[in-house]
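What the coordinates show
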Amino acid sequence: MIRAVPKNIVQAYRLATEEIDDSDDLEQKIDAASKVIDFCAETDSCRLDDSIKKNQIMYWSYINRAKAYLDKNGEESDYEYSRKNYIRALKNYNEALAFAVSENDVRDVLRNMAALCRKLGDEEGYIQLKLEEIDGLPDNEKFQEYCSLVNELSENADKINILEKALFAVTDEDVSFVTKCRNTIEVCRYLEKSYLHGGDEANAARVSNLRRNAEELLSRG
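As the structure is a prediction and not an experimental result, all values here were calculated from the model. (Residues numbered from 1 in each chain as written. Predicted model: local features only at pLDDT ≥ 70, side-chain atom pairs only at ≥ 80, totals over all residues. Heavy atoms only, no water.)

**Quick notes on the pattern of salt bridges**
- One pass over the full model with this rule turns up 14 salt bridges.
- When the shortest N-O distance is used, the salt bridge between Lys-142 and Asp-139 registers 3.1 Å. Pair noted here: Lys-142 and Asp-139 are both in helix 8 (residues 139–152), with a separation of three residues, about one helical turn.
- The class of Asp-139 is partly exposed, set by a relative accessible area of 42%.
- Across the salt bridge formed by Glu-155 and Lys-159, the nearest N and O atoms sit 3.9 Å from each other.
- What makes Glu-155 exposed here is its relative accessible area of 70%. (Salt bridge = Lys/Arg side-chain N within 4 Å of Asp/Glu carboxyl O. Helix = DSSP H or I, 4+ residues; strand = E, 2+ residues; numbered from the N terminus. Buried < 20%, exposed > 50% of the residue type's maximum accessible area, 1.4 Å probe, protein only.)

Structure, rendered in structure tokens:
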């Protein structure tokens, strides 16, 4: 059968979708997504196009290819497990970021990339991606996310930077004044201990003062 030649990326995407419609063949899905991506790379009008439609199609194509590589390592997959599948998925998610249209798309990709770094044993990469994800959240959601991230990390991880961000985010929480004071005290206690352990007396004194101020405000309330 002679395959139709697409004239634009929309046609390329439709043809690719038709190829994989109702198909469970992961290699076929990867090949179909690759055809869309390659079409744009080889077509000047597509490369120079910065429309939302083009970006959305490229985003979907990279996401679909990433998911197919992930599925290769799935529990019910007939494919042999390979660490390379995670690396390829990570690369495709990273490519998708350049075409993300909405903030939700960006956060979804960052979340998936972070999960892949976890699977690959890259805690530093995981932390960096989670911080980027949290940075895109509304200010009133950041404190709890910073604290959750700290609780996920190994004892060897550098948690001070994350807790400093949490301390800064306390005031934006949608909680009572009393809860804000308690959260400030809890974070300051951990930071004070960490700074003293590292011999950083100046920062230990700084967070100690913040803790005492919060304790005084709490006692008045």
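**Topic: the side chain of Asn-183**
- Note on placement: Asn-183 falls in helix 10 (residues 177–197).
- Ignoring sequence-local partners within four residues, the contact set of Asn-183 consists of Phe-143 and Glu-173. (Contact = heavy atoms within 4.5 Å.)

**Quick notes on the packing of aromatic side chains**
- Evaluated as defined, the whole model comprises three aromatic pairs.
- Arranged with centres 6.0 Å apart and planes meeting at 15°, the rings of Tyr-62 and Phe-99 form a pair that is stacked. Here the residue Tyr-62 occupies a position in helix 4 (residues 52–72), and Phe-99 occupies one in the loop between helix 5 (83–97) and helix 6 (103–119), the gap between them amounting to 37 residues. Assigned by exposure class, Tyr-62 and Phe-99 land together as buried.
- When the ring centre of Tyr-126 is taken as origin, the NZ or CZ atom of Arg-118, which lies over that ring, is 4.2 Å away. (Phe/Tyr/Trp six-rings, centres within 6.5 Å; stacked < 30°, edge-to-face > 60°. Lys NZ or Arg CZ within 6 Å of the ring centre and 35° of its normal.)

**Focus on the state of the cysteines**
- This model, assessed by the stated rule, comprises one disulfide.
- Two residues, Cys-40 and Cys-46, share a disulfide whose sulfurs are 2.1 Å apart. The sign of the S-S torsion, about -95°, decides the handedness of the disulfide formed by Cys-40 and Cys-46: left-handed. A single burial state applies to Cys-40 and to Cys-46, both of which are buried.
- With no disulfide of its own, Cys-147 has Cys-188 as its nearest cysteine by sulfur position, at a separation of 12 Å.
- The buried category is assigned to Cys-147, whose relative accessible area is 17%. (Disulfide = S-S within 2.5 Å.)

**Here we look at the confidence of the model for the chain**
- Summary statistics for the chain give a mean pLDDT of 94 and a share of 98% for residues scoring 70 or more.
- Within the chain, helix 1 (residues 9–20) has the poorest average pLDDT of any element, 90, and helix 5 the best, 98. (pLDDT = per-residue confidence, 0-100.)

**As for the environment of Leu-137**
- Examined against the element boundaries, Leu-137 turns out to sit in the loop between helix 7 (123–135) and helix 8.
- Look at Leu-137 and you get buried, because its relative accessible area is 13%.
- Between the alpha carbons of Leu-137 and Asp-50 there is a distance of 26 Å; along the sequence they are 87 residues apart.
- Ignoring anything within four residues of it in the chain, the contact list for Leu-137 reads Arg-107, Lys-142 and Glu-145.

**Describing the nonpolar core**
- Counting 58 residues, the largest nonpolar core has Ile-9 and Ile-162 as its most contacted members.
- Per-element tally for this core: the top contributor is helix 4, with eight residues. (Core = buried A, V, L, I, M, F, W, Y, C linked by side-chain atoms within 4.5 Å.)

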